Amino acid sequence: MSATIPDSHRELLAGPTVVTLVTMMPDGQPQATPVWCKLDGDDILVNSQPGRRKDRNIRANNKVTVMALDHQNPYSYIEVRGEVTHINEDDEALIDELARLYTGADSYFGDFAADRERSRRVTYRITPRRVLTQ
C-alpha cells in the first residue's frame, strides 16, 4: 500500500532541493547520500550510475528513505520511507532533466560527450510506504 505526499511538502521533493537518500549497507549500517530527485505523482525518481554503493545497496535491499529539509525553515521537513519498485536500467534523459532543474545546464555532461559514453545512468522509482512531515 502506498502513501501520499502531502501538498504542504511536495515542493521539497519537486526540486531543486538536494535530498538525502538512505540505503542499507550489507552489514545493516545505513548509508546516506545527497542526491537530486523529481516527483512523478507520489513516486520519487532518483538517478545514479550502476555499480555505485547506493546502486548495490538498492539492488540488495529495496527499502529506502528520502529526507528533504526546507532550508528556509529547518523545522520543516519530509521523510519518505519507501521501496524502490522499478529500476530503469538505461535512463540518460532523467539526469539531463535534473541537471536543468538543479543547475540550469542543458545537459548533465555538458560538452563532455565522451563522459556520457562511459557513464550509463539508471533511475530508481521510489514508491512511498510511509510519509512523515514536520
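Okay, so let's go over this structure. Just so we're clear, the structure is a prediction, and the values are computed from it rather than from any experiment. Each chain carries its own residue numbering, running from 1 in the written order of its sequence. Totals for whole chains, interfaces and linings use all residues, but because this is a predicted model, local features are given only for residues with pLDDT of at least 70 and pairs of side-chain atoms are given and counted only at 80 or more. Note: side-chain values were computed over all heavy atoms of the structure, leaving out hydrogens and water.

## Topic: the overall build of the protein chain
Helix and strand content of the protein chain: four helices and seven strands. Comment: elements are numbered from the N terminus, with helices defined as DSSP H or I runs of at least four residues and strands as E runs of at least two. Reading the protein chain from its N end, one meets helices and strands in the order α-β-β-β-β-α-β-β-α-α-β. Each radius of gyration is computed over the set of C-alpha atoms, and the globule rule expresses the reference value as 2.2 Å times the number of residues to the power 0.38. Here the protein chain has a C-alpha radius of gyration of 15 Å; the compact-globule value for 134 residues is 14 Å, and the two agree. Seen along its three principal axes, the alpha-carbon backbone of the protein chain occupies a region of about 45 × 35 × 25 Å. Note on exposure labels: buried denotes an accessible area under 20% of the residue type's maximum, exposed denotes more than 50%, and partly exposed covers the range between, all computed with a 1.4 Å probe on protein chains only. Sorting the 134 residues of the protein chain into buried and exposed places 40% on the buried side. Here, residues are in contact when the closest pair of their heavy atoms is within 4.5 Å. Within the protein chain, contacts between residues at least 6 apart in sequence are counted, and of these 71% link residues at least 24 apart. Within this scheme the basic residues Lys and Arg register as positive and the acidic residues Asp and Glu register as negative, but His and the chain ends are omitted. Here the site of a charge means NZ on Lys, CZ on Arg, CG on Asp, or CD on Glu. Across the protein chain, the mean location of the 17 positive side-chain charges is 6 Å away from that of the 20 negative side-chain charges.

## Looking at the pattern of salt bridges
Counted as salt bridges are all cases of a side-chain nitrogen of Lys or Arg within 4 Å of a carboxyl oxygen of Asp or Glu. This model, assessed by the stated rule, comprises 10 salt bridges. Of the charged contacts in the structure, one is a salt bridge between arginine 125 and aspartate 43, with a shortest N-O distance of 3.1 Å. Of this pair, arginine 125 sits in strand E7 (residues 122–133) while aspartate 43 sits in strand E4 (residues 43–48), and the two are 82 residues apart along the sequence. Among the salt bridges present, the one from arginine 59 reaches aspartate 55, with a minimum N-O distance of 2.8 Å. In this pair, arginine 59 and aspartate 55 are both assigned in helix H2 (residues 53–60), four residues apart and thus about one turn of the helix distant.

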